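Observations on the model geometry
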Amino acid sequence: MIYKFLLALFCFVLFPFQGYALEPGEKLLYEKNSLYQYISVIDDTARKERYLRNQKRDYSQGGMSLTAPGKLLLEYTQMSFVSLAYLDREPKDVLFVGLGIGAMPRYFHRYYPEAHIDIVEIDADIMSAAKNYFYFKETANMKVHINDGRMFVKRTPKRYDMIFLDAYQNDDIPFHLTTVEFLREVKGKLKEDGVVAANILSSYRNKFFDSMVVTYKKVFPHLYIFAGQQSRNFIFIATAGKMKRSEESILEKARKIQTGKKFDIDLPKIASAYEYSTEYEWSSAKVLTDDFAPVNLYKYQKSDAR
Amino acid sequence: MIIRFIVFICGAVVMSFEILGSRVLAPNFGSSVFVWGSLISVFLAGLSAGYYLGGRLADINPSSRKLGLMLMVPGILFLTFPLYNAPIADWIFVKDLGVRSSPLLASAILFLTPSVFLGIVSPYTAKLMICSLRTSGKTIGTLYALSTFGSIMGTLVTSFYLITIAGVNALIMAQGLILILSALPLFFMNLYCKTETRS
């Protein structure tokens, strides 16, 4: 941990500026070493897109089209809205853990202006970047809380219809946001029949992925998995209610919401990737707990569960 | 030889415990900079107090037996860690003293005492070896190097490997066991020296 700290200091001294070379056509708009990470905002002038990135150029924390900033650019942000089809009512209270560029809450706010949206983000500089470069604005119904995600969930007196889990540090989920104990706390803050949508960035089948599936299944009665077509993102939809949703019912609900809300994303198409988690449950995979959660090491270990 | 081994082990245990400490705090206090800051400063406070105390104690008839007794304290604290960890952390969480004070208080209660005792080891063993074996500068240099080398190994092995094979509580208990076992030979060594008593 001193080691981590020294490493950070070392990186800071060696690379006070750009974390990596820019591609031709890319323009650096902003960079900062915040308390938690290296943040850069980069324009791709050829594709007319803007990204928020940490050190690694192949992982963008967020992306936005400069010609259509209101749209959801990254596949997983579109996919996560399939969670709406699992809720039997209009969402009134929604929580996002992890702000990023604020694309998802901003989109949510646009289509559900009446919903109360809480966002918890640990890094104040991420919020500034989202506000200054990605058209994110706080409103009376959409508030950002600068806090650790787990602390906010544990302390909030509110209950939510939907909770979106999308907290990443570089390309890892902080370990204390992956465990059974945390998911129980999340479930405890859901209203009846509430829905959790989690973004899981992982290669298909490694120990981390396997563990996430069994950990979610340990806490929630039903888990549905949507696999990205163009990305390595999975959206986990976990529901607190007893009822299992069939593929047909989800498709139908997605069509209904699409017609009603006139989304510019294709919700029925996203919903057609419906998979119930059974195919992903390997009983020998380890459930992650506060005591045992080697998330960042598990990512590099091949799955041995069958 | 045993003394050198113990210095190495204590160096390793300090850093390993510090890394595991971040995992102990995260569920109740998060992983904000305040948590990291509390953790690091409490360990450093413990070590510096330990160095000071260790130096004072080393001037009063140091012996291998006394060293063994002092190692039993963190040994037993680690071995029983799961018994008091959760109740204390939960209690402080419920008290809610704020984002800075809560993790600082939790770190102080959970980590300060063992790090004081682990800090005592360095100056104490140095004096013990110098006055009983009549060696000097070389001894101190070797002990410092071994202690820090132990810390490096403790850091690397814990963060790269141990975290994948066992839970945090089990690892801390194992450290307690290692401390107790490696302190046992000290009771049979009869290494000591008399210091002049001040009148």
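Everything below is about the structure shown above.
Quick caveat, the model's predicted, so the values are computed rather than measured. (Residues numbered from 1 in each chain as written. Chains lettered and ligands numbered in written order. Predicted model: local features only at pLDDT ≥ 70, side-chain atom pairs only at ≥ 80, totals over all residues. Heavy atoms only, no water.)

**Structural notes on the overall build of chain A**
In terms of regular secondary structure, chain A is built from 10 helices and 11 strands. Relative to the globule expectation of 19 Å for 306 residues, the C-alpha radius of gyration of chain A, 19 Å, shows essentially globular dimensions. Viewed in the frame of its principal axes, chain A has a C-alpha envelope of about 55 × 45 × 35 Å. Looking at chain A as a whole, 56% of its 306 residues qualify as buried. Residue pairs in contact within chain A that sit at least 24 positions apart in sequence constitute 66% of those at least 6 positions apart. Looking at chain A as shown, the accessible area adds up to about 13,700 Å², and 55% of this sits on carbon and sulfur atoms. (Helix = DSSP H or I, 4+ residues; strand = E, 2+ residues; numbered from the N terminus. Rg over C-alpha atoms; globule rule 2.2 N^0.38 Å. Buried < 20%, exposed > 50% of the residue type's maximum accessible area, 1.4 Å probe, protein only. Contact = heavy atoms within 4.5 Å. Areas by Shrake-Rupley, 256 points an atom, 1.4 Å probe, with all protein chains shown as cover.)

**Some words on the nonpolar core**
Counting residues in hydrophobic clusters, the biggest one holds 54 residues, and the most contacted among them are Phe81, Phe108, Phe226, Ile237 and Phe263 of chain A. Here this core takes five residues from helix H3 (residues 103–111) of chain A, the largest share from any one element. In this structure, Ile237 of chain A is in contact with Val82, Ser83, Tyr86, Val195, Val196, Ala197, His222, Leu223, Tyr224 and Phe226 of chain A, ignoring residues within four places of it in sequence. Counting residues in each nonpolar core, the second largest holds 50 residues, with Cys10, Phe29, Val121 and Leu191 of chain B among its members. (Core = buried A, V, L, I, M, F, W, Y, C linked by side-chain atoms within 4.5 Å.)

**Considering the pattern of salt bridges**
Residues and elements named next belong to chain A. A full pass over the atoms with the stated rule returns 21 salt bridges over all chains. A salt bridge links Arg245 to Asp88; its shortest N-O distance comes to 2.9 Å. On the criterion of sequence distance, the pair formed by Arg245 in the loop between strand S11 (233–239) and helix H8 (247–261) and Asp88 in the loop between helix H2 (75–79) and strand S5 (93–97) is long-range, its members being 157 residues apart. One salt-bridge network, in which partners are shared between bridges, spans Arg89, Asp93, Asp118, Lys158, Asp161 and Lys191. (Salt bridge = Lys/Arg side-chain N within 4 Å of Asp/Glu carboxyl O.)

**Notes on the pairing of strand S8 (residues 160–165) of chain A**
In regular strands, side chains alternate between the two faces of the sheet. Residues and elements named next belong to chain A. Among the six residues of S8, six are classified as buried, and the element is accordingly described as predominantly covered. Bridge count for S5 against S8 is four bridges, and the pairing is parallel. Bridged to Leu95 within S8 is Ile163. As paired strands, S8 and strand S9 (residues 190–201) are joined by five bridges and run parallel to one another. The residue bridging Phe164 from the neighbouring strand is Ala197, located in S9. In this fold, the crossover linking S8 to S9 by way of helix H6 (residues 180–188) has right-handed handedness. (Pairing = 2+ DSSP bridges. Right-handed = clockwise from strand over helix to strand, strands pointing away.)

**Remarks on helix H6 (residues 137–165) of chain B**
Residue and element names in this part refer to chain B. In a regular helix each residue adds 1.5 Å, so 29 residues correspond to 42 Å; H6 covers 40 Å between its end C-alpha atoms and thus fits that length. At Thr158, H6 shows its strongest bend, of approximately 50°. Listing the buried residues of H6 in full gives Thr139, Leu143, Ser147, Gly150, Ser151, Gly154, Thr155, Thr158, Ile163 and Thr164. (Expected span 1.5 Å × (residues − 1). Bend = angle between axes of the 7 residues up to and from the residue.)

**Notes on a positive patch on the surface**
A cluster of basic side chains, namely Arg184, Lys187, Lys218 and Lys242 of chain A, defines a positive patch on the protein surface. Position of Lys187 of chain A relative to the elements: it lies in helix H6. (Patch = residues over 30% accessible without salt bridge, like charges linked within 9 Å, V, L, I, M, F, W, Y side chains within 5 Å. Lys, Arg positive; Asp, Glu negative; His and termini not counted. Charge placed at Lys NZ, Arg CZ, Asp CG, Glu CD.)

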